Amino acid sequence: MSKFSKKSGKATPEVSTASLPDIIFMLLFFFMVVTVLRDSELLVQVNTPQATELTKLEEKSLVNYIYIGKPAARFAETYGTKPRIQLGDKFSTEKDIALFIANFRQGVPENRRASITSSLRVDGKVTMGIVQDVKTSLRKAGQVKVNYSAKKRAGELK
Amino acid sequence: MARTRTRDRMNNEVNAGSMADIAFLLLIFFLVTTTILEDKGILVRLPPWSDEEPDIAKLKTRNVYSVLVNAQNQLLVRGDLKDIRDLRKDTKDFIVNPERREDLSESPTKAIISLKNDRGTSYETYLEVYNELRAAYNEIWDTESRKQYGVDYEGLPIANKRAIRADFPMIISEAEPTNFGEE
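Residues numbered from 1 in each chain as written. Chains lettered and ligands numbered in written order. Predicted model: local features only at pLDDT ≥ 70, side-chain atom pairs only at ≥ 80, totals over all residues. Heavy atoms only, no water.

**A short note on the nonpolar core**
Formally: In this description, a nonpolar core means a group of buried Ala, Val, Leu, Ile, Met, Phe, Trp, Tyr and Cys residues linked to one another through side-chain atoms lying within 4.5 Å. Each residue is placed in one exposure class: buried if its accessible area under a 1.4 Å probe, protein chains only, is under 20% of its type's maximum, exposed if it is over 50%, and partly exposed if it falls in between. Only DSSP runs of H or I covering at least 4 residues are called helices, and only runs of E covering at least 2 are called strands; the numbering of each starts at the N terminus. Here, residues are in contact when the closest pair of their heavy atoms is within 4.5 Å.
Counting 50 residues, the largest nonpolar core has A:Ile66, A:Ile68, A:Leu138, A:Tyr148, B:Leu115 and B:Val129 as its most contacted members. Top contributing element to this core by residue count: helix 4 (residues 123-149) of chain B, with 9 residues. If near-sequence neighbours (up to four positions away) are discounted, A:Ile66 is found in contact with A:Ile85, A:Gln86, A:Leu87, A:Phe100, A:Ser119, A:Leu120, A:Arg121, A:Val134 and A:Leu138. In this structure, A:Leu57, A:Tyr65, A:Tyr67 and A:Ala72 belong to the second largest nonpolar core, which totals 9 residues.

**Considerations on the packing of aromatic side chains**
The following threshold applies: Paired rings are identified among Phe, Tyr and Trp, the last through its six-membered ring, by centres lying within 6.5 Å, and are further divided according to the angle between planes into stacked (under 30 degrees), edge-to-face (over 60) and tilted (the rest).
Applying the stated criterion across every chain, the model contains 13 aromatic pairs over all chains. Considering the side-chain rings of A:Tyr65 and A:Tyr67, the 6.2 Å spacing of their centres and the 20 degrees angle between planes classify their relative orientation as stacked. Of the two residues examined, A:Tyr65 and A:Tyr67, each falls in the buried class. Members of the aromatic cluster, each reached through a chain of ring pairs, are A:Tyr148, B:Tyr123, B:Tyr126 and B:Tyr130.

**Details of the interface of chain B and chain A**
Stated formally: Joining two parts hides part of their accessible area as seen by a 1.4 Å probe, and the buried area is that hidden amount summed over both. For this analysis, a salt bridge means a side-chain nitrogen from Lys or Arg found within 4 Å of a carboxyl oxygen belonging to Asp or Glu. Under the convention adopted here, Pro, Cys and the residues Ala, Val, Leu, Ile, Met, Phe, Trp and Tyr are nonpolar, Asp, Glu, Lys and Arg are charged, and Gly plus all remaining residues are polar. Any two strands with at least two DSSP bridges between them are considered paired.
Each partner contributes to the interface: chain B provides 50 residues, whereas chain A provides 54 residues. Summing both partners gives a buried area of about 5,100 Å² for chain B against chain A, and 63% of it is carried by carbon and sulfur. Counting across the interface, chain B meets chain A through 4 salt bridges. Here B:Arg119 and A:Asp133 are joined by a salt bridge, their closest N and O atoms 2.9 Å apart. Listing elements by their share of the side of chain B that touches chain A, those giving two or more residues are helix 2 (19-33), strand 1 (40-45), helix 3 (84-96) and helix 4 of chain B. By residue number, the principal contributor to the side of chain B that touches chain A is helix 4 of chain B, which donates 10 residues. Classifying every residue of the side of chain B that touches chain A by side-chain character gives 24 nonpolar, 10 polar and 16 charged. Direction of pairing for strand 8 (residues 145-149) of chain A relative to strand 1 of chain B: antiparallel, over a ladder of 5 bridges. When the sheet's bridge partners are listed, A:Tyr148 is paired in strand 1 of chain B with B:Ile42.

**Some points on the pairing of strand 2 (residues 64-69) of chain B**
Looking along a regular strand, one sees side chains alternate from face to face of the sheet. All names here are of chain B. Sheet topology note: the strand 2/strand 5 (residues 112-117) ladder contains 6 bridges and is parallel. Directly across from Ser 66, in strand 5, lies its bridge partner Ser 114. Looking at chain direction, strand 2 and strand 3 (residues 75-77) are connected through 3 bridges and run antiparallel. Within strand 3, the residue paired with Leu 68 across the bridge is Leu 76. Taking the residues between adjacent antiparallel strands as the criterion, strand 2 and strand 3 are bridged by 5 residues, where Asn 73 takes a positive phi near 65 degrees.

**Side note on the environment of B:Lys116**
Residue and element names in this part refer to chain B. With respect to the helices, strands and loops of the structure, Lys 116 is situated in strand 5. Through-space distance from the C-alpha of Lys 116 to that of Tyr 126 is 9.5 Å; in sequence the pair is 10 residues apart. Other than its neighbours up to four places away in sequence, Lys 116 contacts Val 67, Leu 68, Val 69, Ala 175, Glu 176 and Thr 178.

**So, the packing of helix 2 (residues 20-34) of chain A against helix 2 of chain B**
Think of two packed helices as two axes; the pair is described by the angle between the axes and how far apart they sit. What counts, and what does not: Convention adopted: a line fitted to C-alpha atoms gives each axis, helices being fitted over their contacting stretch, and angles between N-to-C directions are expressed from 0 to 180 degrees. Should an angle fall under 35 degrees it is called roughly parallel, over 145 degrees roughly antiparallel, and 65 to 115 degrees roughly perpendicular, with every other angle called oblique. Handedness of a crossing is defined here by the sense of rotation of the near helix relative to the far one, left-handed for an anticlockwise turn of less than a right angle and right-handed for a clockwise turn.
Interhelical geometry of helix 2 of chain A versus helix 2 of chain B gives an angle of 20 degrees and a closest axis separation of 9 Å. Put simply, helix 2 of chain A runs roughly parallel to helix 2 of chain B. Our pair here, helix 2 of chain A against helix 2 of chain B, has a crossing hand that is left-handed. On the side of helix 2 of chain A, the interface is formed by A:Leu20, A:Pro21, A:Ile24, A:Phe25, A:Leu27, A:Leu28, A:Phe31 and A:Met32, while helix 2 of chain B contributes B:Met19, B:Ala20, B:Ala23, B:Phe24, B:Leu26, B:Leu27, B:Phe30 and B:Leu31.

**Remarks on the side chain of B:Ser105**
All names here are of chain B. Heads up, the condition is: The term polar contact refers here to a pair of N or O atoms within 3.5 Å; inside protein, the definition further demands a hydrogen-donor-capable atom paired with an acceptor-capable atom, and it admits residues adjacent in sequence only when both atoms are side-chain atoms.
By the element assignment, Ser 105 lies in the loop between helix 3 and strand 5. Looking at Ser 105, the relative accessible area reads 0%, which means it is buried. Within polar-contact distance, the side chain of Ser 105 engages the backbone oxygen of Phe 94 at 2.9 Å. Residues in contact with Ser 105, not counting those within four places in the same chain, are Arg 62, Asn 63, Phe 94, Ile 95, Asn 97, Arg 100 and Ala 111.

Have a look at this one:
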């Protein structure tokens, strides 16, 4: 009898929040590991065209990016409005591609080098001339796996 | 009196309640700054570089489906001005040639698509055309797969995919572009 009365007299115990930081830290680490920080800031304006036959690029560590587009508004004064190539975090020309690809290969284990993909993120308004030059340089550099980056088109053509 | 109080304070633990807030701040920072960059696109394999141009003139005209895109983004398919919306169906007809017509490909294995553009063609148009050609093959593979195995091409094991691709090989040959309209 006395046992029961004793218990009812006590105030309800609070839920311990001591483990809350641990839970949050776990979430934090999850996000830190999963997300890939964008390694380069975009210097050119890229609005990729739309397409339907898309493949998803699987391994991000095996993908290098080549951006082509007009220089961003803040560079318009120094670089003009003609489409430019961006490799890594700087403006480049198609002559720099061979070195860029070679450098990227260095950082990839030898047995994975065959699956390196170059993702061309090209603005839809750019003319094919510059794209063709890039493609030729890539072929000369022996980098034949290429991805034309595009967005999913939902509806019909035009 | 004062003495006891200091001892009390020394026994106190550091308040860990604000730890959660700090972690939350970090978490929100990471959530905001990181972009989960999803990259999708049309995956192609460029031909390895060789100094001589492949000679397409040796092939029979009926086996070559030539697609030209000019600097005004107009489409010339086998000598006729065409609308891009008809391209997919026409390409499929050309490859499969169900009615065994004399002017379309002899067999799907012999069909070659030759794509040529100008340096002034917009990338958007180029990719649209390329997308349609790729879609034509994807649709052919899909129909064939459903006919033979009753499932979509995507769901097939690799060996069966290879078999279908051997019957309908995708050959899209890209010629060196002309240079009439580059700005």
